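# Observations on chain architecture
The primary structure of each chain is shown beneath.
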Amino acid sequence: MSPLLLLSVILLYFGLLLGVTYLTSSDDSNMTFFKANQNSPWYVVAFGMIGASLSGVTFISVPGWVSATQFSYLQIVIGYFLGYLVIAYILLPLYYKMNLISIYEYLKVRFGKGSHRTGAFFFLLSRILIASFRLFLVASVLQYFVLDALHIRFELTVILSVMFIWLYSFRGGIKTIVWTDTLQTFFMLAAVIVAAFVILDQLSFSISDLIASDDYKKYSQAIFSDDIRLKNHWFKSLLGGMFIAIAMTGLDQDNMQKNLTCKNLKDAQKNMVSLGFILIPVNLVFLFLGTLLFAYASQFQVEIPRVNGSVKTDLLFPEIALNQGLGTGFGLVFILGLIAAAYSSADSALTSLTTSFSIDFLNIESKIKNKKKLRKLIHLVFSGILVLVIITYEYILEDNVISSLLLVSSYTYGPLLGLFSFGLFTRFMLRENWVWVVSVTSIILSYFLNKYSEIILDGYQFGYEILLVNGLLTFIGLFLIRQKKDSK
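The structure contained in this document is the topic of the report that follows. (Residues numbered from 1 in each chain as written. Predicted model: local features only at pLDDT ≥ 70, side-chain atom pairs only at ≥ 80, totals over all residues. Heavy atoms only, no water.)

The helix and strand inventory of the protein chain stands at 21 helices and four strands. For a compact globule of 488 residues, the expected C-alpha radius of gyration is about 23 Å, and the protein chain comes in at 22 Å, within 12% of that figure. Once the C-alpha set of the protein chain is aligned to its principal axes, its extents read approximately 70 × 60 × 40 Å. The buried share among the 488 residues of the protein chain stands at 59%. In the protein chain, once contacts between residues fewer than 6 apart in sequence are set aside, the share between residues at least 24 apart is 85%. Taken as a whole, the protein chain presents about 19600 Å² of accessible surface, with 64% of it coming from carbon and sulfur. For the protein chain, the centre of its 36 positive side-chain charges and the centre of its 29 negative side-chain charges are spaced 16 Å apart. (Helix = DSSP H or I, 4+ residues; strand = E, 2+ residues; numbered from the N terminus. Rg over C-alpha atoms; globule rule 2.2 N^0.38 Å. Buried < 20%, exposed > 50% of the residue type's maximum accessible area, 1.4 Å probe, protein only. Contact = heavy atoms within 4.5 Å. Areas by Shrake-Rupley, 256 points an atom, 1.4 Å probe, with all protein chains shown as cover. Lys, Arg positive; Asp, Glu negative; His and termini not counted. Charge placed at Lys NZ, Arg CZ, Asp CG, Glu CD.)

A word on the packing of helix 19 (residues 435-451) against helix 21 (residues 466-480). Between helix 19 and helix 21, the shortest axis-to-axis distance is 9 Å and the interhelical angle comes to 145°. Crossing geometry of helix 19 relative to helix 21 is assigned as right-handed. Here helix 19 contributes Val435, Val438, Ser442, Ile443, Leu445, Ser446, Leu449 and Asn450 to the contact with helix 21, which in turn contributes Ile466, Val469, Asn470, Leu473, Thr474, Gly477 and Leu478. Its residues assigned to classes, the contact of helix 19 with helix 21 shows nine nonpolar, six polar and no charged. (Axes fitted to C-alpha atoms, helices over the stretch in contact; angles between N-to-C directions. Left-handed = near helix turned anticlockwise from the far one by under 90°. Nonpolar A, V, L, I, M, F, W, Y, C, P; charged D, E, K, R; others polar.)

Here we come to the pattern of salt bridges. Throughout the structure, instances matching the rule amount to six salt bridges. Arg153 is the partner of Glu155 in a salt bridge, and the nearest nitrogen-oxygen pair spans 3.4 Å. Here Glu465 and Lys236 are joined by a salt bridge, their closest N and O atoms 3.7 Å apart. Here Glu465, found in the loop between helix 20 (453-456) and helix 21, pairs with Lys236, found in helix 11 (residues 234-250); they are 229 residues apart in sequence, far enough to count as distant. Counted as one network, the salt bridges with shared partners bring together Arg127, Asp252 and Asp254. (Salt bridge = Lys/Arg side-chain N within 4 Å of Asp/Glu carboxyl O.)

We now examine the packing of helix 14 (residues 316-323) against helix 15 (residues 328-361). Packing of helix 14 against helix 15 leaves a shortest axis separation of 8 Å and a crossing angle of 145°. On helix 15, the residues touching Phe317, Pro318, Ala321 and Leu322 of helix 14 are Phe330, Gly331, Phe334 and Ile335. Its residues assigned to classes, the contact of helix 14 with helix 15 comprises seven nonpolar, one polar and no charged.

Below, the discussion takes up helix 14. Counting buried positions over the eight residues of helix 14 gives seven, a clear majority of the element. When we look at burial in helix 14, the residues that qualify are Leu316, Phe317, Pro318, Glu319, Ile320, Ala321 and Leu322.

For Ile443, the location among the structural elements is in helix 19. For Ile443, a relative accessible area of 19% puts it in the buried group. A sequence separation of 24 residues divides Ile443 from Leu467, and the C-alpha atoms of the two residues are 9.5 Å apart.

Turning next to the nonpolar core. The biggest cluster of nonpolar side chains holds 152 residues, and the ones touching the most others in it are Phe59, Tyr95, Met272 and Phe334. Ranked by residue count, the leading element in this core is helix 6 (residues 113-147), at 18 residues. Sequence-distant contacts of Tyr95, that is, excluding residues within four places in its chain, are made with Leu100, Ile103, Gly250, Leu251, Met256, Leu260 and Phe420. Core analysis: the next-biggest nonpolar cluster, separate from the first, contains five residues, Phe34, Ile101, Ile359 and Ile364 among them. (Core = buried A, V, L, I, M, F, W, Y, C linked by side-chain atoms within 4.5 Å.)

Time to look at the environment of Ser439. Residue position: Ser439 is located in helix 19. Exposure remark for Ser439: the relative accessible area of 0% places this residue in the buried category. Along the sequence, Ser439 and Glu105 sit 334 residues apart, while their C-alpha atoms lie 18 Å from each other. Leave out the neighbours within four places in its chain, and Ser439 touches Thr118, Phe122 and Pro415.

Quick look at unusual backbone geometry now. The general pattern is negative phi for most residues beyond glycine and trans for most peptide bonds. Phi angles above zero are rare outside glycine, and Asn99 is one such case at about 55°. With a relative accessible area of 52%, Asn99 lands in the exposed category.

Once that is clear, we can look at the side chain of Asn259. With respect to the helices and strands, Asn259 occurs in helix 12 (residues 253-259). Using a relative accessible area of 0% as the deciding quantity, one classes Asn259 as buried. Contact partners of Asn259, with chain neighbours within four places excluded, come to Val45, Met49, Leu92, Tyr96, Ala268, Asn271 and Met272.

This paragraph deals with the side chain of Thr261. Looking at the secondary structure, you find Thr261 in the loop between helix 12 and helix 13 (265-299). Excluding residues within four positions of it along the chain, Thr261 makes contact with Lys35, Ala36, Gln38, Asn39, Ser40, Val45, Tyr96, Ile174 and Val178.

Taken as a whole and judged by the stated rule, the model has 26 aromatic pairs. Pairing Tyr104 with Phe420 gives two aromatic rings, centres 6.3 Å apart and planes at 75°, and the pair type is edge-to-face. Taken together, the positions of Tyr104 in the loop between helix 4 (73-98) and helix 5 (105-110) and Phe420 in helix 18 (residues 414-425) put the pair 316 residues apart, joining distant regions of the chain. On the basis of relative accessible area, Tyr104 is assigned to the buried category, the value being 0%. Judged by relative accessible area, Phe420 falls into the buried class, the value being 2%. Both rings, one in Phe422 and one in Phe475, keep their centres 5.1 Å apart while their planes meet at 65°; by these two values the pair is edge-to-face. Here Phe422, found in helix 18, pairs with Phe475, found in helix 21; they are 53 residues apart in sequence, far enough to count as distant. Accessibility expressed as a relative area gives 24% for Phe475, which makes it partly exposed. Cluster of aromatic residues (ring-pair linked, three or more members): Tyr13, Phe14, Phe164, Phe186 and Phe187. Above the face of the Tyr452 ring, Lys451 is positioned so that its terminal group lies 5.9 Å from the ring centre. Its end group placed over the ring of Phe479, Arg482 keeps NZ or CZ at 3.9 Å from the ring centre. (Phe/Tyr/Trp six-rings, centres within 6.5 Å; stacked < 30°, edge-to-face > 60°. Lys NZ or Arg CZ within 6 Å of the ring centre and 35° of its normal.)

Keep in mind that these numbers describe shape and distance, not what the molecule does.
Below is the structure:
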């Protein structure tokens, strides 16, 4: 397929996003940027959050993960649903009651500035790393399959990708993102469904034929209950998924900022519960697609791409879509789905980073002059930071992206889980100067516990429940630095 044709389609797609921006950003005030004037329809937010929750990582990496983990990821996704219930009925009522712009303002009210800025810092760190992971994957695919042929360097690919996000988000902020995410979710889901049916046709399978095939049976085991010491045991995955959802969604400014644009608490709760329901069948479709991809690769002797000598299962989907003669139309649908999946999460990440830094560190709403100008400058600075981190990943990242993403999250979101839990379930105050020490220490202890668990714990392997352990270590550390005086 012509790289110039693909590039033209990408540019047309961004033109469409800029059109949405024009329609939604006539008011570029800070309150529109931060909260969309709290006027978003809940069903629009819910549909858009499907794409943001899945991202380009799910679009590419989950199907590619099937060969190594089969359908075990579904155990984590079911855990997500349980986590969304906790968010809907415990965290959202708190956020709406306090009328928060940044959810980390809760820590300031509950404890003080030290806890507030510690929590906000770990969000900024987490979101920068995660958003960069997601954009790195998409930029790598575009580079490998499109832009290398045009002799465009990876660094320029990254700069252009982030620049496009900045262009359509710097005015309207979260108000624009709510509507662009809806459009992008549609393109992403359409691309996955089209891909599944095209590959089924190439294999001369119906859906029932595939389910009865040896290829499906080889990859489709979803529940693993043999040995609780192993990473993929169902209970550990369920527990890990639940707390990943609580931390990465409920304690994350990026995802909560969209929820807080709903008109009221009831609408926000409907958004969260409906999202939890729909993500289960949607992720099942991605796993089903992974089975199709590996069945296709086996039947037609498609070699999994290698990068710097390492096999990259993340690249199997684009390899089949773009290089196996399945037609120009299918290739274009794939590219649109990939771009939509990636940017539906990356654009809101940039907006939430700007919001958190503006509110949690600069207290921008207390300033008298140049509020809007300062917010736009912060937005530009974080765009530059994302560019630098993505380029760094090009030289250090080797593992499957979805695996790396969830593991990093387990470390960086642990302090947030511990801080919010301590605030909600105790009445103690804290010695504020020690909060950051406790948070960093819990991450270090969690890392070494995970690394040496098989030696220390008789062969036990931590999965993503290490996030819960990390939060628990933070909670214990906060208990040790508690003030005997009760909170107000």
